[in-house]
Amino acid sequence: MTSIRELESRVGEEVGVSPWVEITQERIDTFARAIGDFQWIHVDAERAKGSPFGRTIAHGFLTLSLLSHLSEQTFAFSDRRMGINYGLNRVRFTSPVPVGSRVRARFTLARLEKIEGNGVQVTWNTTVEIDGAAKPALVAEWLGRHYY
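These notes cover the structure that comes with them.

So, how was this worked out
- Residues numbered from 1 in each chain as written.
- Predicted model: local features only at pLDDT ≥ 70, side-chain atom pairs only at ≥ 80, totals over all residues.
- Heavy atoms only, no water.
- Helix = DSSP H or I, 4+ residues; strand = E, 2+ residues; numbered from the N terminus.
- Contact = heavy atoms within 4.5 Å.
- Polar contact = N/O pair within 3.5 Å; in protein donor to acceptor, adjacent residues only side chain to side chain.
- Buried < 20%, exposed > 50% of the residue type's maximum accessible area, 1.4 Å probe, protein only.
- Pairing = 2+ DSSP bridges.
- Axes fitted to C-alpha atoms, helices over the stretch in contact; angles between N-to-C directions.
- Parallel < 35°, antiparallel > 145°, perpendicular 65-115°, else oblique.
- Nonpolar A, V, L, I, M, F, W, Y, C, P; charged D, E, K, R; others polar.
- Phe/Tyr/Trp six-rings, centres within 6.5 Å; stacked < 30°, edge-to-face > 60°.

Comments concerning the environment of tyrosine 148
Phase 1: On the secondary structure map, tyrosine 148 appears in the segment after strand 6 (138-147).
Phase 2: A sequence separation of 143 residues divides tyrosine 148 from arginine 5, and the C-alpha atoms of the two residues are 8.8 Å apart.
Phase 3: Excluding residues that lie within four positions of it along the chain, tyrosine 148 makes contacts with Ile4, Arg5, Asp79, Arg80, Arg81, Asn118, Gly119 and Val120.

Set out below in structure tokens:
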């Protein structure tokens, strides 16, 4: 994809799939420090061995926050001067993400609306997959605004 304007013809289509990103313990610990959430299931590897997951898992909000990074790794719009998050209509954390997993996002363009200021509001149906897992980690309807 080279242009935001080209998105208009892609409504209803899967527009991109991101590269895989590894969920390391360092990434989980850094996120825990950033938000002040040190629940043992995320940061205590020894204790987490006795959990139903057998190891630490990523915060759900860490997985959600990766959407920005994953989309930036997927899309490059030559005519975009600015892009912002506008919100989420729904989010479901459908499966835990164990440390050492790889995740990627699939982006299906559900809606595109022109907005004031030479921009568009896009609604993405996003799915964050876990490599080798039957169920996704996350499904969300994500809204963004792009200005050209």
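Structural notes on the side chain of serine 71
Phase 1: Along the chain, the position of serine 71 falls in helix 4 (residues 60-74).
Phase 2: Polar contacts involving the side chain of serine 71 include one to the main-chain carbonyl oxygen of serine 68, which spans 2.9 Å.
Phase 3: When residues no more than four places from it in sequence are discounted, the contact partners of serine 71 are Phe107 and Trp142.

Quick word on the pairing of strand 5 (residues 119-130)
Phase 1: In terms of residue burial, strand 5 counts as a mostly covered element, since 10 of its 12 residues are buried.
Phase 2: Pairing of strand 4 (residues 102-115) with strand 5 involves 12 bridges; the strand directions are antiparallel. Note on strand 5: the bridge partner recorded for arginine 104 is glutamate 129.
Phase 3: Between strand 4 and the antiparallel strand that follows it, strand 5, lie three residues; glycine 117 among them carries a positive phi value of about 90°.
Phase 4: Across 10 bridges, strand 5 lies against strand 6 in antiparallel orientation. Bridged to threonine 127 within strand 6 is valine 139.

Some details on the packing of helix 1 (residues 25-35) against helix 4
Phase 1: At a minimum axis separation of 10 Å, helix 1 and helix 4 run at an interaxial angle of 100°. Comparing the axis directions of helix 1 and helix 4 gives the class roughly perpendicular. Residue-level inspection shows Arg27, Ile28 and Phe31 of helix 1 in contact with helix 4, the latter providing Phe61, Leu62, Ser65 and Leu66.
Phase 2: When grouped by side-chain class, the residues that make up the contact of helix 1 with helix 4 number five nonpolar, one polar and one charged.

Looking at the packing of aromatic side chains
Phase 1: Scanning all chains against the criterion turns up six aromatic pairs.
Phase 2: Consider the rings of phenylalanine 75 and tryptophan 124, whose centres lie 5.1 Å apart with planes at 20°: the pair is stacked. Taken together, the positions of phenylalanine 75 in the loop between helix 4 and strand 3 (82-93) and tryptophan 124 in strand 5 put the pair 49 residues apart, joining distant regions of the chain. Tryptophan 124 carries the same exposure label as phenylalanine 75, and that label is buried.
Phase 3: Judged by centre distance (6.0 Å) and plane angle (75°), the rings of phenylalanine 107 and tryptophan 124 are edge-to-face. Taken together, the residues span a long stretch of sequence, with phenylalanine 107 in strand 4 and tryptophan 124 in strand 5 at a distance of 17 residues.
Phase 4: We classify phenylalanine 107 as buried; its relative accessible area is 0%.
Phase 5: Overall, tryptophan 124 belongs to the buried group, its relative accessible area being 5%.
Phase 6: Of the aromatic side chains, those joined through ring pairs into one cluster are Phe75, Phe77, Phe107, Trp124 and Trp142.

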